[in-house]
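# Reading the structure
Each chain, written out:
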Amino acid sequence: MEGVLLSVREIEEYFFCPLLFYYKNYLGIDTQEGFWAYLGKRAQEEAEEEIRKRFEILGKEVELRSDRLGVVGKVDFIVGRGREIMPLEVKFSGRLRPWWKYSISLYAMLLEDSIGRPVKSGVVLVTRGMRFIEVRVGDSERRFVLGAIEKCRRIMEGETPRAYRSRSCENCDFKNRCLEI
């Protein structure tokens, strides 16, 4: 599994729920891209004007890859503000979800490896209210992301993650199959 590239989307699913990652990536149970993906794409298109008011857009839907991390992903935007370069993700929501903090941190780490200089923050734009939330990418966020990548690799080798219940279970494609329910 060492040479297999994980996608940011897969790791984001792990952040959301390790069992979701297990079902899709180890057991191979797939889901169709749903309504939330459609809404997200529309939100991204509608948000571009607001993004331009605050940042210089350096790239849109940019694929980032890090062989060091073994991860690839397509970030919604790469933006600049002064001398700072950051990833920006658009989310159809009214608030920052905990797992988005770590996925934007992962995009910052990928961007860092791509440009060869430190990226200290990323931005999540939640579209309800058009709020730009800057996420600091420090040592603790980096350690958490690196640990998650390692756990994803162990799951892909057959380790079963612990099941737990959360409010997010209500929106999960696997809620009727989950080991916990």
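Data block above holds the structure.
Read on for an overview of the structure. (Residues numbered from 1 in each chain as written. Predicted model: local features only at pLDDT ≥ 70, side-chain atom pairs only at ≥ 80, totals over all residues. Heavy atoms only, no water.)

### Describing the environment of Gly-82
Selection criterion: Runs of H or I in DSSP of at least four residues are treated as helices and runs of E of at least two as strands, each being numbered from the N terminus. Relative accessibility thresholds used throughout: buried, under 20% of the residue-type maximum; exposed, over 50%; partly exposed, between the two (1.4 Å probe, protein chains only).
Along the chain, Gly-82 falls in the loop between strand 3 (71-81) and strand 4 (84-91). You can call Gly-82 exposed: its relative accessible area is 80%. The sequence separation of Gly-82 and Glu-56 amounts to 26 residues, and the corresponding C-alpha distance is 8.8 Å.

### Quick word on the nonpolar core
To keep things clear, this is the line we draw: Among buried residues, those of type Ala, Val, Leu, Ile, Met, Phe, Trp, Tyr and Cys that are joined through side-chain atoms within 4.5 Å constitute a nonpolar core. In this analysis, two residues are considered to be in contact whenever any of their non-hydrogen atoms come within 4.5 Å of each other.
Residues Ile-11, Phe-15, Val-71, Leu-106, Leu-110 and Ile-149 are the most contacted members of the largest nonpolar core, which totals 42 residues. Listed by contribution, the elements that provide at least two residues to this core are helix 1 (8-16), helix 2 (18-25), strand 3, helix 4 (98-115), strand 5 (121-126), strand 6 (131-136) and helix 5 (139-156). Considering each element in turn, this core owes the most residues, ten residues, to helix 4. Apart from the residues within four sequence positions on either side, Leu-110 is in contact with Val-8, Leu-64, Arg-65, Ser-66, Leu-69, Val-71, Val-72 and Gly-73. Core analysis: the second largest hydrophobic core is formed by 13 residues, Ala-43, Ile-51, Ile-57 and Leu-88 among them.

### Some remarks on the pattern of salt bridges
The cut-off we apply is this: For this analysis, a salt bridge means a side-chain nitrogen from Lys or Arg found within 4 Å of a carboxyl oxygen belonging to Asp or Glu.
By the definition in use, this model includes 16 salt bridges. Residue Glu-13 pairs with Arg-9 through a salt bridge whose shortest N-O separation is 3.7 Å. With Glu-13 and Arg-9 both in helix 1 and four residues apart, this pair spans about one turn of that helix. Judged by its relative accessible area of 51%, Arg-9 falls in the exposed class. The partner of Glu-159 in a salt bridge is Arg-154, with the nearest N and O atoms 3.1 Å apart.

### Quick word on the pairing of strand 3
As a reminder of what qualifies: Strands are labelled as partners when DSSP assigns at least two bridges between them.
Counting buried residues in strand 3 gives nine out of eleven residues, a clear majority hidden from the surface. Pairing geometry for strand 1 (residues 6-7) and strand 3, over two bridges, is parallel. Paired with Leu-6 across the two strands is Val-71, which belongs to strand 3. The sheet contact formed by strand 2 (residues 56-66) and strand 3 spans nine bridges and is antiparallel. If you follow Glu-56 over to strand 3, its bridge partner there is Gly-80. Hairpin connection, strand 2 to strand 3: the antiparallel pair is bridged by four residues, and Gly-70 has positive phi, about 70 degrees.

### A short note on the packing of aromatic side chains
The test is simple: In this scheme Phe, Tyr and Trp rings, the latter by its six-membered ring, pair at centre separations within 6.5 Å, and the angle between planes marks the pair as stacked below 30 degrees, edge-to-face above 60, and tilted otherwise.
Applying the stated criterion across every chain yields a total of ten aromatic pairs. When the ring of Phe-15 is compared with that of Tyr-102, the centres are 5.7 Å apart and the planes differ by 50 degrees; the resulting orientation is tilted. Highlighted residues: Phe-15 in helix 1 and Tyr-102 in helix 4, separated in sequence by 87 residues. Judged on exposure class, the residue Phe-15 and its partner Tyr-102 are both buried. Geometrically, the ring pair formed by Tyr-22 and Tyr-26 is stacked, given 5.6 Å between the ring centres and 20 degrees between the ring planes. An aromatic cluster is present here, built from Tyr-14, Phe-15, Phe-21, Tyr-102 and Phe-144 joined pairwise through their rings.

### Description of the side chain of Glu-48
Applicable threshold: Here a polar contact is taken to be a pair of N or O atoms separated by no more than 3.5 Å, where protein atoms must pair a possible hydrogen donor with a possible acceptor and residues adjacent in sequence count only if both atoms sit in side chains.
With respect to the element layout, Glu-48 can be found in helix 3 (residues 35-54). A distance of 2.7 Å separates the side chain of Glu-48 from the side chain of Lys-60, its partner in a polar contact. With sequence-adjacent residues up to four places away left out, Glu-48 is seen in contact with Ile-57, Lys-60 and Phe-77.

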